[in-house]
Amino acid sequence: MAENIRMDSHKLIYHPDVVSRWMKGENIYPIELEIGLTNACNHRCIFCAVDYTGYKPYILDSRILQDNLSELAPRGVKSIIYAGEGEPLLHKDAPDIINRTKQLGIDVAVSTNGVLLTPEISKECLGSLTWIRFSTAGITEETYNKIQRGRPGDLSKVLTNMEAAVKVKKEQGLHTTLGVQLLLLPDNKNEIVQMGKELRRIGVDYFTIKPFSQHPQSQHILQVDYKEMLELENEVKELETDDYKVYFRAHAMQKLEGERCYRHCWALPFMVYIDAKGNLWPCIVFMGKEELKYGNINEESFVDIWEGSRRKKVVEYFMNMDLEKNCRELCRLDEMNRYLEEIKNPGGHVNFI
């Protein structure tokens with residue numbers, strides 16, 4: 001189920017041993033990796049953050065990836081999200097990669113637009129997934145096609161594939177969390193309640209509504225005022241049941257109006273991004289800036305990159321970077337950075353518990 005997924009927060013509190021080692025200055029390995037299996041995508045969403053990469057059909061080498069994964073599980077990597085620049089299920093080996101990752105003892109998740117998650121694919125690999133999240137921008141053909149810009153009929157395929165995944169989950173007795181994510185925009189704000197009702201009928205575990213955050217390198221420039229949309233929360237939250245949760249990310253929307261309470265990106269060592277070319281990036285925001293990449297797994301192993309001098313220099317650069325000028329306004333690492341900032345700089349009364 002989806003009760004304890006801390007959608008608008010972070011989960012470092014569940015890894016105090018890793019945080020403690022980080023505080024001592026040890027070279028920890030990331031808890032989570034996000035990996036782009038391919039740069040190709042079957043949609044051209046108007047909110048796409050990585051449109052500047054050009055959607056060229058780069059495919060991550062399956063053998064090289066799996067060789068590296070076998071070295072990472074013993075070093076502390078706990079989870080991998082297959083998402084990235086493109087649609088992960090366009091990689092022909094995606095089901096095998098998902099299953100192999102789980103076999104290595106690493107938790108696996110997938111973020112997908114869902115068009116290619118056929119019933120056959122669900123039967124093949126759903127049991128290896130901790131969660132799968134459908135990115136779905138609307139519940140009517142007109143709205144969905146306007147925002148996601150796929151092929152006619154894609155929405156119908158996605159809804160059919162959701163129903164099939166729910167069926168496979170029940171038939172196989174799985175604990176996989178099935179979620180749907182909508183990026184809230186002026187174009188779809190009037191149908192989120194209708195969408196919430198339909199998703200509840202289908203039987204997914206949760207529906208989350210999140211804000212748009214401008215990527216510094218994206219060619220898509222969207223202006224969205226969320227102050228006038230916050231009132232939607234109460235109406236859509238009324239759809240919740242014991243088996244169906246709604247996460248309206250009002251906290252994240254409100255943070256768009258505030259400033260960071262930290263000057264350094266402390267959370268960099270806890271996550272890393274690997275793109276479809278095999279490049280390791282400290283953050284997807286800086287993907288494509290060659291001087292800021294850690295290395296490439298086609299040229300040297302993840303372990304060698306992580307232990308190497310180049311990564312240390314890049315991290316040092318980030319520690320001195322002006323976050324307000326260079327980062328996106330709503331950073332994925334924000335909640336972790338707030339937590340780590342408090343640990344790094346506690347008040348004078350911390351021993352009075």
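Reading the values: the criteria
- Along each chain, residues carry numbers from 1 onward, in the same order as the chain's sequence is written.
- Per-residue local features are limited, in this predicted model, to residues with pLDDT of at least 70; the limit for side-chain atom pairs, both in listing and counting, is 80 or more; totals at the level of whole chains, interfaces and linings are taken over all residues.
- Values shown for side chains rest on all heavy atoms present in the structure; no hydrogens or waters enter the calculation.
- We call two strands paired when DSSP finds no fewer than two bridges between them.
- Only DSSP runs of H or I reaching four residues or more are called helices, and only runs of E reaching two or more are called strands; each is numbered from the N terminus.
- Contacts between residues were defined by any pair of non-hydrogen atoms, one from each residue, lying within 4.5 Å.
- To get an axis, fit a line to the C-alpha atoms, keeping to the stretch in contact for a helix; angles then go from 0 to 180 degrees between the N-to-C directions.
- Each pair of aromatic rings taken from Phe, Tyr and Trp, with Trp reduced to its six-membered ring, is defined by centres within 6.5 Å and is described as stacked if the planes are under 30 degrees apart, edge-to-face if over 60, and tilted in the remaining cases.
- Each residue gets one of three labels from its accessible area relative to the maximum for its type: buried under 20%, exposed over 50%, partly exposed in between, using a 1.4 Å probe on protein chains only.
- When the NZ atom of lysine or the CZ atom of arginine is within 6 Å of a ring's centre and also within 35 degrees of its normal, the charge is said to sit over that ring.
- We place a 1 Å grid over just the protein atoms. Points where a 1.4 Å probe fits but has no way out form a cavity, open points with protein on both sides within 12 Å along at least 5 of 7 lines form a pocket, and any residue with an atom within 4 Å of a point lines it.
- Grid points are joined across faces, edges and corners, and a volume is the space filled by probe spheres set on the points.
- With the strands pointing away from the viewer, any crossover whose connection runs clockwise from the first strand over the helix to the second is right-handed.
- Every patch collects residues that have over 30% relative accessible area and no salt bridge, joining them within 9 Å if they carry like charges and within 5 Å if they are nonpolar side chains (Val, Leu, Ile, Met, Phe, Trp, Tyr).
- Here the accessible surface of atoms and residues is derived via Shrake-Rupley with a 1.4 Å probe, and residues count as covered only by protein chains that are part of the display.
- Each reported salt bridge corresponds to a side-chain nitrogen of Lys or Arg within 4 Å of a carboxyl oxygen of Asp or Glu.
- Under the convention used here, Asp and Glu are negative, Lys and Arg are positive, and both His and the chain ends fall outside the count.
- By convention, the charge on Lys lies at NZ, on Arg at CZ, on Asp at CG and on Glu at CD.
- When residue character is reported, Ala, Val, Leu, Ile, Met, Phe, Trp, Tyr, Cys and Pro are called nonpolar, Asp, Glu, Lys and Arg charged, and the others, Gly included, polar.
- Pairs of cysteine sulfur atoms within 2.5 Å are what we label disulfides.
- To form a nonpolar core, buried Ala, Val, Leu, Ile, Met, Phe, Trp, Tyr and Cys residues must be joined to one another through side-chain atoms within 4.5 Å.

(A) Representation of the sheet that holds strand β7 (residues 245-248). The strand order across the open sheet formed by 10 strands is β7-β6-β5-β4-β3-β2-β1-β8-β9-β10, and the pairing between neighbours is mixed. Both outer strands of the open sheet, β7 and β10 (295-296), are each paired with one neighbouring strand and no more. Sheet topology note: the strand β6 (residues 206-210)/β7 ladder contains 4 bridges and is parallel. Paired with tyrosine 206 across the strands is lysine 245, a residue of β7. Helix-sheet contacts for helix α6 (residues 154-172) involve β4 (129-135) and β5 (177-183), and the interaxial angle to β5 is about 155°.

(B) Layout of the packing of aromatic side chains. Under the defined criterion, the tally for this structure stands at 9 aromatic pairs. Here the aromatic rings of tyrosine 317 and phenylalanine 318 are separated by 6.0 Å at their centres, their planes lie at 85°, and the arrangement is edge-to-face. Classification of tyrosine 317 by relative accessible area gives partly exposed; the value is 45%. Through pairs of rings, three or more aromatic residues link up here, namely Tyr29, Tyr294, Phe302 and Trp306. One cation-aromatic arrangement involves arginine 311 over tryptophan 306; the distance from NZ or CZ to the ring centre is 3.8 Å. The ring centre of tryptophan 22 lies 5.0 Å from the NZ or CZ of lysine 344, which sits over that ring.

(C) Just the layout of surface pockets, in detail. Approximately 370 Å³ is the volume attributed to the second largest pocket. Looking at the lining of the second largest pocket, the elements that each hand over two or more residues are α1 (16-23) and α11 (309-319). A per-element tally of the lining of the second largest pocket places α11 first, with 4 residues.

(D) A look at the pairing of β5. Of all 7 residues in β5, 7 are buried, a share of seventy percent or more. Burial of β5 is two-sided: the residues Thr177, Gly179, Gln181 and Leu183 facing one way and the residues Leu178, Val180 and Leu182 facing the other way are all buried. Where β4 lies against β5, 5 bridges are found, and the strand directions are parallel. The residue of β5 that forms the bridge with isoleucine 132 is leucine 178. Relative to β6, β5 is paired through 5 bridges, and the arrangement is parallel. Bridging across to β6, leucine 182 finds its partner in isoleucine 209. The parallel pair β5 and β6, bridged by helix α7 (residues 192-202), forms a crossover whose chirality is right-handed.

(E) Spatial organisation of a negative patch on the surface. On the surface, Glu71, Glu299, Glu300, Asp304 and Glu307 cluster together into a patch of negative charge. Summarising the element assignment, glutamate 300 is placed in the loop between β10 and α10 (302-307). Residue glutamate 300 is classed as partly exposed on the basis of its relative accessible area of 35%.

(F) Highlighting empty space enclosed by the protein. Per the counting criterion, the structure on display carries 1 cavity of 30 Å³ or more. By volume, the largest cavity is sized at about 80 Å³. Classifying every residue of the lining of the largest cavity gives 12 nonpolar, 1 polar and 1 charged.

(G) Region of the structure containing the pattern of salt bridges. Following the criterion strictly, the structure yields 18 salt bridges and no others. Residue arginine 201 pairs with glutamate 198 through a salt bridge whose shortest N-O separation is 2.8 Å. Taken together, the positions of arginine 201 and glutamate 198, both in helix α7 and 3 residues apart, correspond to about one turn of that helix. For glutamate 198, a relative accessible area of 23% gives the class partly exposed.

(H) Broad picture of the state of the cysteines. Applying the stated criterion across every chain, the model contains 0 disulfides. Cysteine 125 takes part in no disulfide bond, and the closest cysteine sulfur to it belongs to cysteine 41, at a distance of 18 Å.

(I) Structural context of the nonpolar core. Core analysis: the biggest nonpolar cluster contains 107 residues, and Ile35, Tyr82, Leu184 and Phe302 have the highest contact counts within it. Of all the elements, α6 adds the most residues to this core, at 7 residues. Within the second largest apolar cluster, 7 residues are counted, among which are Cys48, Tyr55, Tyr273 and Met287.

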